[in-house]
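Survey of secondary and tertiary structure
Letter by letter, the chains look like this.
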Amino acid sequence: MHLARFPRLHLAHLPTPLEPLERLSKELGGPEIWIKRDDCTGMSTGGNKTRKLEFLMAEAEAMGADMVMTQGATQSNHARQTAAFAAKLGMKCHILLEDRTGYPDHNYNENGNVLLDHLHGATTERFPGGHDMPGEMERAAQAERQKDKLVYVIPGGGSNATGALGYANCAMELVNQANERGLVIDHLVHATGSSGTQAGLIVGLKALNAGIPLLGFGTRAPQEKQEQMVYDLACKTADKIGCSGVVTRADVRADTSYVGDGYGLPRADTLEAIRMFAELEGILLDPVYSGKGAAGLIDYCRKGKFKKAERVVFLHTGGAVGLFGYDSVLIPGTARMAAE
Ligand SMILES: *Cc1c(COP(=O)(O)O)cnc(C)c1O
């Protein structure tokens, strides 16, 4: 695994900090919880898409693209960060947004990530939930190509083998940090969605033979589908890196019990997790991804699924910008009630 062989832009703020969450660990009575701060990667506040976009946008630049196109949910963090990279590289950016929640309120539809998409100069186009977004994006890209634009198309979440390289690299960074400070990691957990983060991490961990079990907490798809998506992408990523066969199907584990009614719809335990991180650690989670990942983490701690003496690292994938699109479900009274 020698990632310098792949084109990459160096725009991320790396390495991201690895910090203990002492008050949260104490509140839960163990295990020892640590956080890997990938919410602090930079580029329009940061988040997990920065590491992927370093590799994706380097490819766009290498092919001479003057426009990038991508798609996601209305409050997509990936869309916001792609818009920021395009701005930095002087490329046009067009984003197709899918209404997966049906929330009618102004802030959900115009504030948070959507506000920043537009502030970075991207154009957006809206579609109803369940629309064929990849097909729509191909049509939109073809229309631009007919106008002589050189368009680089990025799949939703930046999740292909190129984007996943960013998380193979993150696995190396994390293992190095843990080695330097003498921290034995017993479990690594995070929120999983379009699957590039988990696929890249598992390839990196397995290629290093780190022996650290990885668990993704689902945010959309049911378990079998989520695991298969991650596994398929992990295999492609391993092939690309030159370590084919390093990941087995059994290495890919997702728990989708914390998704609730669907993508982008927070549950009471999502809101409780957001409140606990904010009040105990001064750290902002989000209602779509990291809040659900942290709800899974907290529930595993309470149920004793992690042993008291174990050390668990929560990879914070970012997303706090989305809080400003979710004020209607996050007003303090609501969050507190939901927690009780
Ligand atoms: C996209 C995203 C995820 C999920 O990462 P995938 O690579 O799509 O699985 C998790 N958290 C946040 C905040 C995200 O924006």
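Shown above is the structure to which this text applies.
Heads up: these notes are all about the structure in this document. (Residues numbered from 1 in each chain as written. Predicted model: local features only at pLDDT ≥ 70, side-chain atom pairs only at ≥ 80, totals over all residues. Heavy atoms only, no water.)

If you check the shell around the ligand, you find 17 residues, and the closest are Lys49, Lys52, Ser194, Thr197 and Thr317. Here an oxygen atom of the ligand and a side-chain polar atom of serine 194 are 2.5 Å apart. Within the side chain of threonine 197, an N or O atom sits 2.6 Å from an oxygen atom of the ligand. Elements supplying a minimum of two residues to the shell around the ligand: helix H2 (49–62), strand S7 (187–192) and helix H8 (196–207). Looking at the shell around the ligand residue by residue, the classes come out as two nonpolar, twelve polar and three charged. (Near = heavy atom within 4 Å. Polar contact = N/O pair within 3.5 Å; in protein donor to acceptor, adjacent residues only side chain to side chain. Helix = DSSP H or I, 4+ residues; strand = E, 2+ residues; numbered from the N terminus. Nonpolar A, V, L, I, M, F, W, Y, C, P; charged D, E, K, R; others polar.)

Residues spaced three or four apart along an α-helix face the same direction, because each turn holds 3.6 residues. Between its terminal C-alpha atoms helix H3 (residues 77–89) stretches 19 Å, which fits the 18 Å expected from 13 residues at 1.5 Å a residue. Counting buried positions along H3 gives ten out of 13 residues, so the element sits mostly inside the fold. Taken as a whole, H3 has its buried residues at Asn77, His78, Ala79, Arg80, Gln81, Thr82, Ala83, Ala84, Phe85 and Ala86. Residues of H3 that are buried sit in contact with H2, strand S3 (67–73), strand S4 (92–99) and helix H5 (113–119). The distance from a side-chain oxygen at the start of H3 to the backbone nitrogen of histidine 78 is 3.3 Å, and the residue carrying that oxygen is serine 76. (Expected span 1.5 Å × (residues − 1). Buried < 20%, exposed > 50% of the residue type's maximum accessible area, 1.4 Å probe, protein only. Contact = heavy atoms within 4.5 Å.)

Enumeration over the complete set of coordinates arrives at 20 salt bridges. One salt bridge in this structure joins lysine 36 and glutamate 173, with 2.6 Å as the shortest N-O distance. A residue pair is termed long-range when its members are at least 10 positions apart, and lysine 36 in strand S2 (residues 32–37) and glutamate 173 in helix H7 (residues 161–181) qualify at 137 residues. Lysine 36 sits in the buried class, given a relative accessible area of 0%. Salt bridges here are not isolated pairs; linked through shared partners, they connect Lys36, Asp38, Arg51 and Glu173. (Salt bridge = Lys/Arg side-chain N within 4 Å of Asp/Glu carboxyl O.)

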